[in-house]
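Coordinates in review
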2 protein chains.
Amino acid sequence: MATVSETETDAYDELLTRIERITNVGNAAGVLRWDQEVVMPEGGTPARAKQLSTLSALGHELLTDERTGELLEALEDTELDGEKKAVVREIRRRYDRATSVPQDLVEEISETTANAHPTWVEAKEEDDFSIFEPTLEKLVDLQKEYANHIDPDADPYEVLFADYEPYLDLETAERVLERLRDELVPLLEAIDDSEADVETDAFAGTFDDDDQEALARDVLDSLGYDWDRGRLDTAPHPFSTGTQFDARVTTRFDENDLLGSITSTIHEFGHANYTLGLPDEGYGTPLGEARDLTVHESQSRLWENHVGRSRPFWEHFLPIARERFPELEDVSPEAAYEAANQVYDDNLIRVEADELTYHLHIVVRFEIERDLISGDLEVSDVPEAWNDKYEEYLGVRPETDTEGCLQDIHWSHGSFGYFPTYSLGSVLAAQLYAAAEDDLRELDDRVREGDFADLNGWLREEIHAHGKRYTTPDLVEEATGEAYTADYFLEYAKHKYGDLYDLENY
Amino acid sequence: MATVSETETDAYDELLTRIERITNVGNAAGVLRWDQEVVMPEGGTPARAKQLSTLSALGHELLTDERTGELLEALEDTELDGEKKAVVREIRRRYDRATSVPQDLVEEISETTANAHPTWVEAKEEDDFSIFEPTLEKLVDLQKEYANHIDPDADPYEVLFADYEPYLDLETAERVLERLRDELVPLLEAIDDSEADVETDAFAGTFDDDDQEALARDVLDSLGYDWDRGRLDTAPHPFSTGTQFDARVTTRFDENDLLGSITSTIHEFGHANYTLGLPDEGYGTPLGEARDLTVHESQSRLWENHVGRSRPFWEHFLPIARERFPELEDVSPEAAYEAANQVYDDNLIRVEADELTYHLHIVVRFEIERDLISGDLEVSDVPEAWNDKYEEYLGVRPETDTEGCLQDIHWSHGSFGYFPTYSLGSVLAAQLYAAAEDDLRELDDRVREGDFADLNGWLREEIHAHGKRYTTPDLVEEATGEAYTADYFLEYAKHKYGDLYDLENY
């Protein structure tokens, strides 16, 4: 039982002070990681690894201190209002997970992961899965052990998945991914069979990096990015990071891929914009933090796909792009729209995938991960299983491991269960956008005029402002009036691509 | 007595692990401060303040944990080799200081200082000392209280001074500063009376910022800056920061002051180059940390003044500068040398001072600080005392507080006792350079050829490699074979300026 003698208010305040400290340590580590990816000189790596490891250990110790447990128990014995209850619920979840895993295992995972990254890089460069195989085997074993400590009675993959999406259960994820597979495979076959003349080379050519950067700033200006609380830089793997006071975007430029830099910038804007919408006064507490990966990805995908790959967006944005690139003078908004939505019939690489194929990439990874963790698939069989699934779902077979199961970094991070949130977030994006369209009049017209204020206001109010106040299902229900569902995404996909590719049955 | 039962090795390892953690927290805070000065968006301030405050508190708690004291006691009871002894000595010093000051006072100082900065900015902008006066009074009182906790029997100014220079005692500082004052005042009068025709406008004109940045990179290339462990950025107040793995330089550009950006870049190179020379294997411990401010400043001043303001340097560097700025075609190395060493007879601002006047600026601050802390000077009398001393030592009376006692930021940081290290470091620079000249053949010729490897090798071996292994006096003695002395600086100053200004008695 609780040994806390203070009043509820004292205990709650003490818990907040404690979690604020933990959050500050985590946010400091976030700054160090941004620095490492964006500006740190190469030689800084050994010292940076030690700094990050110290911060991680200190955060862990503060969280797992028995005082945290005492305060939680005391507060769980009292009547709390909704917000406080949510704060206690979220801290309890973190505390239970952190205390159930022995420190030795945490350190072994951390060490194995640190060494896994260069091994994965080498295997990918050498196109040789066998280089990575023993490491992957060890990572799988460690993750199973980790899951077993957290909940020995649960499906270990479910436990891992919940690290990234705690409240939509694995069954929902499975159901949604199966449905995406079952409905997108025939849609893609129909597209493949279509003879529609879809413009593909509106953005062919080479585009100067500096001008692309200027245009990326135009994109962010246009969407309403708050430069007083953010900045744009380049990074090899674009990401965004930060807090509601300072949420930064990174992007990258390829002179042969202007469209890629625009969509990637919009995607990262979506993440940063969510972070910036979290309430200032909740800083340091769960009320000021994002509701995990599904919701985060819904924000990036909403802006990238529902706004950035829409006709009205290109009507608005093409004139801006022409200012930077006069060679786009003859490209029509319709041609830009088509180019931004072309479907590839031979795509092997997830990060280059179109909006539909993307989910089949995720399905492959999900099925392989699940079977690896359950033991139904041996690590040594991963390349073949991967290639078979690509052939089955995407109609294309990778010829190398580099283009196959070694393409993504996530497993080398020890991350299993992460991929599904990419699809779950995209699906949620469609549901949220449909609800916003219902609530806001003439949303298409606003986008066409480059007026994103109402859409952003809606997202702020319905999603961002709540932090972790609600669980994912409750947040979706509050925002849309419905349970989480893939209906809107599939309707959107069929309607949009049926129209684009003149498909008869869509 | 110590309650440590482990062997000496165990206790030492545990102490090292502990201090490495503390150092990592401090270095993480260093990254956050660099970020704040160089890249952080303005809006990030409130969250950054909280992150830094958490890191500072955690570092303090780790240091003052009673376990630190137990380990120190146990180790002090054993026979240790020289390096271990030095590590224990340095940690003991930090521990004793940190544990003798109550946490309440630490927090009050931190809070008062945080609020002092905007007040100082306002007072300076408004040219009104009375705005800053109550804050300065509070800061002085708090610093006296702080000093009193550390050593109630000592002169409080001596205690404060030792935060910046722990091993050269205040008496040495006083003696050196008095001697500088007594010898430089007549030297400057002689210069003022001189009719020598010293070139002053070799760098007159306006110089594009981007080209200045390119030239600053040339400067760093030329001196041998290790770009794999560093980077150059701009900041309103140039500084350098980091560790032996990642030591960064900042500088600033004023289109009317090319020379200023070159000398400032060289100065910051000197600091960063010292940091980079600290041994990798000592990272996280006192053996991998710089020997405080006097030695740090000796490194920046050695490069700035003894290299960067020398004739051979300009023979080497002028052709490089002409590549960026063809308008320097007609400037001779001698003219550049003279311009870089001109002495101003009406200089009110420390950071714009020449190599000689500079020390009189320091003497003024030192005398005022000492009298403020002893109580011999009232805060309200600071402006008049300041102006009187400027008139007496520098022959020029500030007409405003902005140009007078409000010009420097240090007091608003609560830093008293810091200024003397600027002069002590410059003095040491001369002593070290003379010793290097003795040890290395034809150093002037090397500089003329742009070959700084031997000089840098000498500094690495004699100074950088030792970290905090030796106390300041021992380090100086080891490196130069002599006790710390102002002789070399005064000899250098008289010789150089006597020559430049055709002074009869110098």
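Reading the values: the criteria
- Residues numbered from 1 in each chain as written.
- Chains lettered and ligands numbered in written order.
- Predicted model: local features only at pLDDT ≥ 70, side-chain atom pairs only at ≥ 80, totals over all residues.
- Heavy atoms only, no water.
- UniProt positions renumbered as here; feature names shortened; annotations may be inferred.
- Least-squares fit on C-alpha atoms with pLDDT ≥ 70 in both.
- Contact = heavy atoms within 4.5 Å.
- Helix = DSSP H or I, 4+ residues; strand = E, 2+ residues; numbered from the N terminus.
- Buried < 20%, exposed > 50% of the residue type's maximum accessible area, 1.4 Å probe, protein only.
- Salt bridge = Lys/Arg side-chain N within 4 Å of Asp/Glu carboxyl O.
- Domains from an automatic or database assignment.
- Buried area = accessible area lost by both parts, 1.4 Å probe.
- Phe/Tyr/Trp six-rings, centres within 6.5 Å; stacked < 30°, edge-to-face > 60°.
- Lys NZ or Arg CZ within 6 Å of the ring centre and 35° of its normal.
- Pairing = 2+ DSSP bridges.
- Axes fitted to C-alpha atoms, helices over the stretch in contact; angles between N-to-C directions.

Going by the annotation in an unreviewed UniProt entry, the name recorded for chain A is Metal-dependent carboxypeptidase, with Natronosalvus rutilus given as the source organism. As recorded by UniProt, the Function (unreviewed entry) comment attached to chain A reads in full: "Broad specificity carboxypetidase that releases amino acids sequentially from the C-terminus, including neutral, aromatic, polar and basic residues." Reading the Catalytic activity (unreviewed entry) entry of the UniProt record for chain A gives the comment "Release of a C-terminal amino acid with broad specificity, except for -Pro."

1. Description of the relation of the copies chain A and chain B
Of the transformation superimposing chain A on chain B, the axial component is 0.0 Å and the angular component is 180°, with the fit at an RMSD of 0.0 Å. This pairing of chains is accounted for by a two-fold axis. Interface overlap between copies is the fraction of interface residues in one copy that are interface residues in the other; for chain A against chain B it reaches 100%, indicating a shared surface.

2. Topic: the UniProt feature "binding site: Zn(2+)" (unreviewed entry) in chain A
All names here are of chain A. Mapped onto the present numbering, the UniProt feature "binding site: Zn(2+)" (unreviewed entry) falls on His267, His271 and Glu297. Over a stretch of 31 residues, the named residues converge on one spot in the fold, their C-alpha atoms separated by at most 8.8 Å. Within the fold, histidine 267 resides in helix α10 (residues 258-277). Residue histidine 267 is classed as buried on the basis of its relative accessible area of 10%.

3. Regarding the pattern of salt bridges
If the charged atoms of two oppositely charged side chains come close together, the side chains can form a pair. All names here are of chain A. For the coordinates displayed, the defined rule picks out 82 salt bridges over all chains. Ionic pairing is found between aspartate 246 and arginine 248, a salt bridge with its closest N-O pair at 2.8 Å. Taken individually, aspartate 246 and arginine 248 each receive the classification buried, so the pair is uniform in this respect. A salt bridge links arginine 311 to aspartate 499; the nearest nitrogen and oxygen atoms lie 3.5 Å apart. Of this pair, arginine 311 sits in helix α12 (residues 311-324) while aspartate 499 is found in helix α20 (residues 487-500), placing the two residues 188 residues apart along the sequence.

4. Here we look at the domain arrangement of chain A
Residues and elements named next belong to chain A. When cut into domains, chain A gives domain 1 (8-100) and domain 2 (209-343 + 424-500). Taking only C-alpha atoms, the centre of domain 1 and the centre of domain 2 are 29 Å apart. With 17 residues of domain 1 at the interface, the matching set in domain 2 holds 21 residues. Summed over both sides, the interface of domain 1 with domain 2 buries roughly 1500 Å², with 60% coming from carbon and sulfur. Looking only at domain 1, the three residues that lose the most surface to domain 2 are Trp34, Glu37 and Glu90, adding up to 34% of its buried area. The interface formed by domain 1 and domain 2 holds 1 salt bridge in total.

5. Some points on the interface of chain A and chain B
Facing the 36 residues of chain A at the interface are 36 residues of chain B. Between chain A and chain B, the buried area comes to about 2900 Å², and carbon and sulfur atoms account for 62% of it. Counting across the interface, chain A meets chain B through 6 salt bridges. Taking the shortest distance from any N to any O, the salt bridge between Arg248(A) and Asp35(B) comes out at 2.7 Å. Going through the elements one at a time, α1 (8-38), α2 (45-64) and β3 (246-251) of chain A are the ones with two or more residues in the side of chain A that touches chain B. For the side of chain A that touches chain B, the element with the most residues is α2(A), which contributes 11 residues.

6. A look at the packing of aromatic side chains
One pass over the structure, following the stated rule, counts 38 aromatic pairs over all chains. Ring centres 5.9 Å apart and planes at 65° place the aromatic pair Trp303(B) and Phe452(B) in the edge-to-face group. Here Trp303(B) is found in helix α11 (residues 292-307), whereas its partner Phe452(B) is found in the loop between α17 (443-448) and α18 (453-462), with 149 residues between them in sequence. The ring of Tyr167(A) carries the charged tip of Arg93(A) above its face, separated from the ring centre by 6.0 Å.

7. Focus: the UniProt feature "active site" (unreviewed entry) in chain A
All names here are of chain A. Mapped onto the present numbering, the UniProt feature "active site" (unreviewed entry) falls at Glu268. Examined against the element boundaries, glutamate 268 turns out to sit in helix α10. Setting aside chain neighbours within four positions, we find glutamate 268 in contact with Pro238, Phe239, Ser240, Val249 and Thr250.

8. Quick look at the sheet that holds strand β3 (residues 246-251) of chain B
Strand-to-strand pairing in sheets goes through backbone hydrogen bonds, with the strands running parallel or antiparallel. Residue and element names in this part refer to chain B. Strands sit in the order β1-β3-β2 across an open sheet of 3 strands; the sheet is mixed. If you trace the sheet from one side to the other, it starts and ends with β1 (232-234) and β2 (240-243), each paired once. Mean inter-strand twist for the sheet, computed between neighbouring axes without regard to direction, equals 20°. One ladder, built from 3 bridges, connects β1 with β3; its direction is parallel. For leucine 232, the partnering residue across the bridge sits in β3 and is valine 249.

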